[in-house]
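# Observations on chain architecture
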Amino acid sequence: MIQGFGLGLRTDHYTDFIERKPRLDWLEIISENYMIPGGKPLHYLDRIRADYPMVMHGVSMSIGSLDPLNFDYLRQLKALADRVEPGWISDHLCWTGIDHTNLHDLLPLPYTEEALHHLTGRILRVQEFLGRRILLENVSTYVACNDDEMSEWQFIRELSARADCELLLDVNNVYVSARNHGFDAHEFIDAMPAGRVRQIHLAGHQDHGDCVIDTHDHPIRDEVFELYAYAIERLGPVASMIERDDRIPPLDELLAELDLVRKGAEQVLARRSHAAVSA
Amino acid sequence: MNASLARWQRQFMQGILTRGLPGMVRSGGAASAQRRFDIYVNAYRTRLIDALRANYPVLHRALGDDAFESLAQAYIAAHPSSCTNIRWFGDQLDTFAGKHSDLVSHPALVDLIRLEWALRGAFDAPDRALLDAAALAGVAPTAWPDLILELHPCVRLVALDWQVETLWHAAQTEGQGEPEAPLPGFHHTLVWRRGLNSYFRSLEASEAALIKGLAAAENFAQICERAVSYAADSATELAVSFLQRWLEDGLLAGSGPVTRINEQ
Ligand SMILES: [Fe+2]
């Protein structure tokens, strides 16, 4: 069972992981980077997998799209999972294209009964095909749909119950969307079903005042750290990691940042168990 | 509210592709809906340009930032992605650049695009065992004519009108100024990967012709026939000398010919 604190595996750090084997509970890989026939990426993947547990994180399932499910993609995903034996497989609660055009972006869904119904059937079919439950991640959004019938957190809560899937809670994305849409991030976290949240993402963003953009090119900001502490207090220990996709620093910098995350979580959990004992 | 999801996705996609603002979009915050939606409009193009830059680093260098971006933007507008994995975005850039000579500063760059795409393909082509010279030594002389040698799946033969290899070499040595324009000259270049490293080398017409025979799964007798046009009196010797080179370079896949002979 994957627990503790991890990082996203990036090519910049391949040799660090192979030569230095820094202490780390697990690594997350971007599935698509290894859904290729062969060569260097798979070579390094196998070598690093020998030393670290892994989870798989995809960006192309397009679970919310109206296009038919892409079983060719799912077969490749399953083949990669057979190779990696990941703790779990995740993707995003979004759509990435329609009419066989791929926009390669994590696009927002309308929070409607129709979308709930559509997604539930697709998640059930994917989980049946993969033979396992999947984790779905809340994405950062910048616009909303006029037809919305419920909040994002009501939507996620209801969907995870109907499809019996698990959740990847991206605390930075909650913060970004809360700022962009003017909702209370704590209300979002409060609504998360504790038993279903298996993983947490943390990342940096860019704050433009009237608009916050999820960029993954900066260290985690204080506001997101605070929200993370709140989430851990509510959800208990959840496997947590930092996502860094741009302006990637030396591995030691990320490991130091991850130490802060670990210490923060440990403090919250110590306080939490203390409160439980004295209650 | 039926079919709202379909309208949303089609409007949203059209908005991104045409830089419009879908009617169903609302901002939900202080910034205007247009400004918010532009985040998607721009992120879409930025991501695809990044993908092209990753697949065509030498072209990027040869064109410079601005010209590369103009070419990329035009390609993205003409060829929206239909691949699931962004790794394969840009597979038609050579044809596109060939048709839009205003977007490339020199016609030789179309050849550079083809060379880079082949290198990119060799980089993550399937892993297969190499054919061992020792295995061939065990083949009976009478079996040689029927022997079918199999090219490793990483091997690519690229026909080029220009000697663009110079551009590639110039990009490897940290650049001082503009690289010289490539010279014209039709030839084939062979691209492959051995272990984790990718290679290419330009071929004589004779070797290219024989490798075409391998790619067409011709047997060794047919390969030797091809050699006759280049060395009428010593065709077999020529074919054998190329075969030695192919074994040294790691161009032949392992399991094929020997098992096939054993089965007979
Ligand atoms: Fe995330």
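### Focus on the overall build of chain B
Within chain B, the secondary structure is distributed over 12 helices and 4 strands. Against the globule reference of 18 Å for 264 residues, chain B gives a C-alpha radius of gyration of 24 Å, more extended than a compact globule. Along the first, second and third principal axes, the C-alpha atoms of chain B reach 80 × 50 × 30 Å. By residue count, 46% of the 264 residues in chain B fall in the buried class. In chain B, 65% of the contacts between residues at least 6 apart in sequence involve partners at least 24 apart. As presented, chain B carries roughly 12,700 Å² of accessible surface, and 52% of it is formed by carbon and sulfur atoms. Distance between charge centroids for chain B: 14 Å, based on 23 positive and 29 negative side chains.

### Some thoughts on the interface of chain B and chain A
In this assembly, 49 residues from chain B lie in contact with 49 residues from chain A. Buried surface at the junction of chain B and chain A, summed over both partners, amounts to about 4,200 Å²; 59% is from carbon and sulfur atoms. If you sort the residues of chain B by the area they bury against chain A, B:Leu5, B:Gln9 and B:Tyr40 come out on top, with a joint share of 17%. Across the contact surface, chain B and chain A share 5 salt bridges. At the surface where chain B touches chain A, the tally comes to 30 residue pairs in polar contact (both at pLDDT 80 or more). Where the side of chain B that touches chain A is concerned, the elements lending two or more residues are helix H1 (4–18), strand S1 (25–26) and helix H2 (33–55) of chain B. In terms of residues, the side of chain B that touches chain A owes the most to one element, H1(B), which gives 11 residues. Tallied by class, the residues present in the side of chain B that touches chain A amount to 28 nonpolar, 11 polar and 10 charged. The pairing of strand S8 (residues 144–145) of chain A with S1(B) spans 2 bridges and is classified as antiparallel.

### Focus: the nonpolar core
Judged by nonpolar contacts, the single largest core of 140 residues is most densely connected at A:Leu169, B:Phe12 and B:Leu59. The greatest single-element share of this core, amounting to 10 residues, is contributed by H2(B). Split by domain, the residues of this core number at least three in each of domain 1 (1–105) and domain 2 (126–264) of chain B. Grouped together as the second largest cluster of nonpolar side chains are 32 residues, B:Leu203, B:Ala208, B:Phe220 and B:Leu247 included.

### Let's talk about the coordination of the iron ion
All names here are of chain A. Those protein atoms acting as donors to the iron ion are Glu137 (OE), Asp170 (OD), His201 (ND1) and Glu243 (OE), and they sit at 2.0 to 2.4 Å. Around the iron ion sit 4 donor atoms; with metal-centred angles ranging over 85 to 172°, the donor geometry is irregular. Read N to C, the donor residues that coordinate the iron ion are spaced as E-x32-D-x30-H-x41-E. Of this pair, Asp170 sits in strand S9 (residues 166–170) while His201 sits in strand S10 (residues 197–202), placing them 31 residues apart in sequence. Neither Asp170 nor His201 differs from the other in exposure class; each is buried.

### Description of the domain arrangement of chain B
Splitting chain B by domain gives domain 1 (1–105) and domain 2 (126–264). Between the C-alpha centres of domain 1 of chain B and domain 2 of chain B the distance comes to 38 Å.

### Regarding the pairing of strand S4 (residues 197–203) of chain B
Residues and elements named next belong to chain B. In this structure, strand S3 (residues 184–194) lies alongside S4, joined through 7 bridges in antiparallel fashion. By the bridge assignment for S4, His188 is matched with Leu203. Linking two consecutive strands that pair antiparallel, namely S3 and S4, is a turn of 2 residues; a positive phi of about 60° is found at Gly195 within it.

### Some remarks on the sheet that holds strand S7 (residues 135–137) of chain A
All names here are of chain A. Overall, parallel pairing links the 8 strands, which are arranged S1-S2-S3-S4-S7-S9-S10-S13 in a closed barrel. Across the sheet, the mean angle from the axis of one strand to that of its neighbour is 25°, orientation sign disregarded. Two elements, S10 and strand S13 (residues 239–242), share 4 bridges in a ladder whose sense is parallel. Following the sheet pairing, Ile200 is matched in S13 by Ser240.

### Digging into the side chain of B:Ser27
Secondary-structure assignment places B:Ser27 in the loop between S1 and H2. From its side chain, B:Ser27 meets the backbone oxygen of B:Ala31 in a polar contact 2.5 Å long. The residues contacting B:Ser27, other than those within four sequence positions of it, are A:Tyr142, A:Val143, A:Asn180, A:His181, B:Ser32, B:Ala33 and B:Arg36.

### So, the sheet that holds strand S2 (residues 156–162) of chain B
Residue and element names in this part refer to chain B. Across the sheet, 3 strands lie side by side as S2-S3-S4; this open sheet has antiparallel pairing. With partners counted over all chains shown, the strands left at the sheet margins are S2 and S4, one partner each. Between one strand axis and the next, the sheet turns through 25° on average, direction left out of account. Relative to S2, helix H6 (residues 108–123) is tilted by about 165°, and along the sheet it contacts S2, S3 and S4. Lying on the sheet, helix H9 (residues 205–215) is in contact with S2, S3 and S4; it crosses S4 at an angle near 120°.

### Examining the environment of A:Asp214
All names here are of chain A. By the element assignment, Asp214 lies in the loop between strand S12 (212–213) and helix H8 (222–235). A C-alpha to C-alpha distance of 30 Å links Asp214 and Phe71, two positions 143 residues apart in sequence. In this structure, Asp214 is in contact with Ser140, Tyr142, Asn172, Asn173, Val176, Gly204 and His205, ignoring residues within four places of it in sequence. At 3.0 Å, the side chain of Asp214 and the side chain of Asn172 are in polar contact. A polar side-chain atom of Asp214 sits 3.0 Å from a polar atom in the side chain of His216.

### What to know about the packing of aromatic side chains
Counted according to the given criterion, the structure contains 20 aromatic pairs over all chains. Taking the centre distance of 5.3 Å and the plane angle of 80° together, the rings of A:Phe17 and A:Tyr52 count as edge-to-face. With A:Phe17 in helix H1 (residues 14–20) and A:Tyr52 in the loop between helix H2 (40–49) and strand S3 (54–57), this pair connects stretches of sequence that are 35 residues apart. Exposure class is identical for A:Phe17 and A:Tyr52. Each is buried. Ring centres of B:Tyr75 and B:Phe96 lie 5.5 Å apart, and the angle between their planes is 75°; on these two criteria the pair is classed as edge-to-face. Of this pair, B:Tyr75 sits in helix H4 (residues 65–78) while B:Phe96 sits in helix H5 (residues 93–99), and the two are 21 residues apart along the sequence. This pair shows no difference in class: B:Tyr75 is buried, exactly as B:Phe96 is. Taken together, the ring pairs in this structure connect A:Trp95, A:Tyr142, B:Trp8, B:Phe12, B:Phe37 and B:Tyr40 into an aromatic cluster. The ring of B:Trp88 has B:Arg87 sitting right over it, with the charged end atom 4.7 Å from the ring centre. Directly above the aromatic system of B:Trp117 lies the positively charged group of B:Arg87, at a separation of 5.8 Å from the ring centroid.

Criteria and cut-off values
- Residues numbered from 1 in each chain as written.
- Chains lettered and ligands numbered in written order.
- Predicted model: local features only at pLDDT ≥ 70, side-chain atom pairs only at ≥ 80, totals over all residues.
- Heavy atoms only, no water.
- Helix = DSSP H or I, 4+ residues; strand = E, 2+ residues; numbered from the N terminus.
- Rg over C-alpha atoms; globule rule 2.2 N^0.38 Å.
- Buried < 20%, exposed > 50% of the residue type's maximum accessible area, 1.4 Å probe, protein only.
- Contact = heavy atoms within 4.5 Å.
- Areas by Shrake-Rupley, 256 points an atom, 1.4 Å probe, with all protein chains shown as cover.
- Lys, Arg positive; Asp, Glu negative; His and termini not counted.
- Charge placed at Lys NZ, Arg CZ, Asp CG, Glu CD.
- Buried area = accessible area lost by both parts, 1.4 Å probe.
- Salt bridge = Lys/Arg side-chain N within 4 Å of Asp/Glu carboxyl O.
- Polar contact = N/O pair within 3.5 Å; in protein donor to acceptor, adjacent residues only side chain to side chain.
- Nonpolar A, V, L, I, M, F, W, Y, C, P; charged D, E, K, R; others polar.
- Pairing = 2+ DSSP bridges.
- Core = buried A, V, L, I, M, F, W, Y, C linked by side-chain atoms within 4.5 Å.
- Domains from an automatic or database assignment.
- Donors = N, O, S within 2.8 Å, 3.2 Å for Na, K, Ca; no water.
- Tetrahedral: all angles 85-135°; square planar, octahedral: opposite > 155°, others 65-115°.
- Axes fitted to C-alpha atoms, helices over the stretch in contact; angles between N-to-C directions.
- Phe/Tyr/Trp six-rings, centres within 6.5 Å; stacked < 30°, edge-to-face > 60°.
- Lys NZ or Arg CZ within 6 Å of the ring centre and 35° of its normal.

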